[in-house]
Amino acid sequence: MIKKILIAIILTMIVCFGGYDIYTRIQKSHEPKLVFVDESLRIVSDENVNPFHYVLKATDYKGKDINDKEHITCTLKSIGKKKMKIIYKLDDSKGHSVKKELELKKVKIKKYVPEGEQKGTLNDSDKKLNKVFLFADYDGIAIRAMAEADNYGYESSQNYIVKEVLNDSDELIGYECVFLN
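Only a predicted model underlies this, so the values are computations on that prediction, with no experimental measurement involved.

**What about the overall build of the chain?**
Okay, step 1: Helix and strand counts for the chain come out as two helices and ten strands.
Okay, step 2: Written out in order from the N terminus, the α and β elements of the chain read α-β-β-β-β-β-β-β-β-α-β-β.
Okay, step 3: Residues classed as buried in the chain amount to 35% of the 181 residues present.
Okay, step 4: In the chain, the proportion of contacts linking residues at least 24 apart, taken out of those at least 6 apart, comes to 55%.
Okay, step 5: Total accessible area computed for the chain in this model is approximately 12,000 Å², and 54% of it derives from carbon and sulfur atoms.

As structure tokens, then:
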């Protein structure tokens, strides 16, 4: 009799903990996602930083782009003379939310473009073509356009560079991912 009671208690605990684990996994799978730009681009030249320039992508759990000020809120905190922290909160329309922190390094001059030749990380044989990423396609956010250009090359099997794209008046209007092989 005691053996049956112990087995029933053990089975009940297994079912409860297993159910809780499944529930938390489902909750996690429905959270929105915030993806930031590359570490080397986490710099700011002054205290008047626009935190929305540092979010590469914000999506709901279905992958739908939700980069807007209605869903993303942020708080800036200065950490001494050389660093700044941005605390982001992303809420989707279903009531799920996620928080992330981003630390920025303060510098006198900033340059968005990664320097030199970069190497793609995929091992496929498909060759990608050069592609231009204009600010206008990314709500005028320069760093997002640059990060998309860099990510486009990164997700290839080729060597690439990211170049600035200028208009006829020599104003920066976007970035181009140029493949070298």
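**With respect to the packing of aromatic side chains**
Okay, step 1: For the structure shown, the criterion picks out five aromatic pairs.
Okay, step 2: Ring centres of F135 and Y175 lie 5.8 Å apart, and the angle between their planes is 55°; on these two criteria the pair is classed as tilted. Separated by 40 residues along the polypeptide, F135 in the loop between β8 (131-134) and α2 (142-154) and Y175 in strand β10 (residues 172-179) bring together distant segments of the chain.
Okay, step 3: Of the residues examined, Y175 reaches a relative accessible area of 1% and is grouped as buried.
Okay, step 4: In textbook terms, an aromatic cluster arises when at least three aromatic residues are bridged by ring pairs, as seen for F133, Y138, Y152, Y160 and F179.

**Re the sheet that holds strand β7 (residues 118-119)**
Okay, step 1: With antiparallel pairing, four strands are arranged side by side in an open sheet as β7-β9-β10-β8. What marks the edges here is a single partner per strand, and that holds for β7 and β8.
Okay, step 2: As defined by bridge partners, β7 adjoins strand β9 (residues 159-166) across two bridges and the pair is classed as antiparallel. Counted as the bridge partner of K119 is N159 from β9.
Okay, step 3: Its contacts with the sheet put α2 on β7, β8, β9 and β10, and the angle it makes with β10 is roughly 5°.

**Topic: the pattern of salt bridges**
Pairs may arise between side chains of opposite charge once their charged atoms sit close together.
Okay, step 1: Counting across every chain of the model gives two salt bridges.
Okay, step 2: Among the salt bridges present, the one from K85 reaches E101, with a minimum N-O distance of 3.3 Å. Here E101 lies in strand β6 (residues 97-106) and K85 lies in strand β5 (residues 83-91), a separation of 16 residues in the sequence.
Okay, step 3: When its relative accessible area of 22% is taken as the criterion, K85 is described as partly exposed.

**What to know about the pairing of strand β4 (residues 72-79)**
Okay, step 1: Note that β4 and β5 share eight bridges and pair antiparallel. Looking across to β5, one finds that S78 is bridged to M84.
Okay, step 2: Hairpin connection from β4 to β5: three residues lie between these consecutive antiparallel strands, with G80 at a positive phi of about 70°.

About the thresholds
- Residues numbered from 1 in each chain as written.
- Predicted model: local features only at pLDDT ≥ 70, side-chain atom pairs only at ≥ 80, totals over all residues.
- Heavy atoms only, no water.
- Helix = DSSP H or I, 4+ residues; strand = E, 2+ residues; numbered from the N terminus.
- Buried < 20%, exposed > 50% of the residue type's maximum accessible area, 1.4 Å probe, protein only.
- Contact = heavy atoms within 4.5 Å.
- Areas by Shrake-Rupley, 256 points an atom, 1.4 Å probe, with all protein chains shown as cover.
- Phe/Tyr/Trp six-rings, centres within 6.5 Å; stacked < 30°, edge-to-face > 60°.
- Pairing = 2+ DSSP bridges.
- Axes fitted to C-alpha atoms, helices over the stretch in contact; angles between N-to-C directions.
- Salt bridge = Lys/Arg side-chain N within 4 Å of Asp/Glu carboxyl O.

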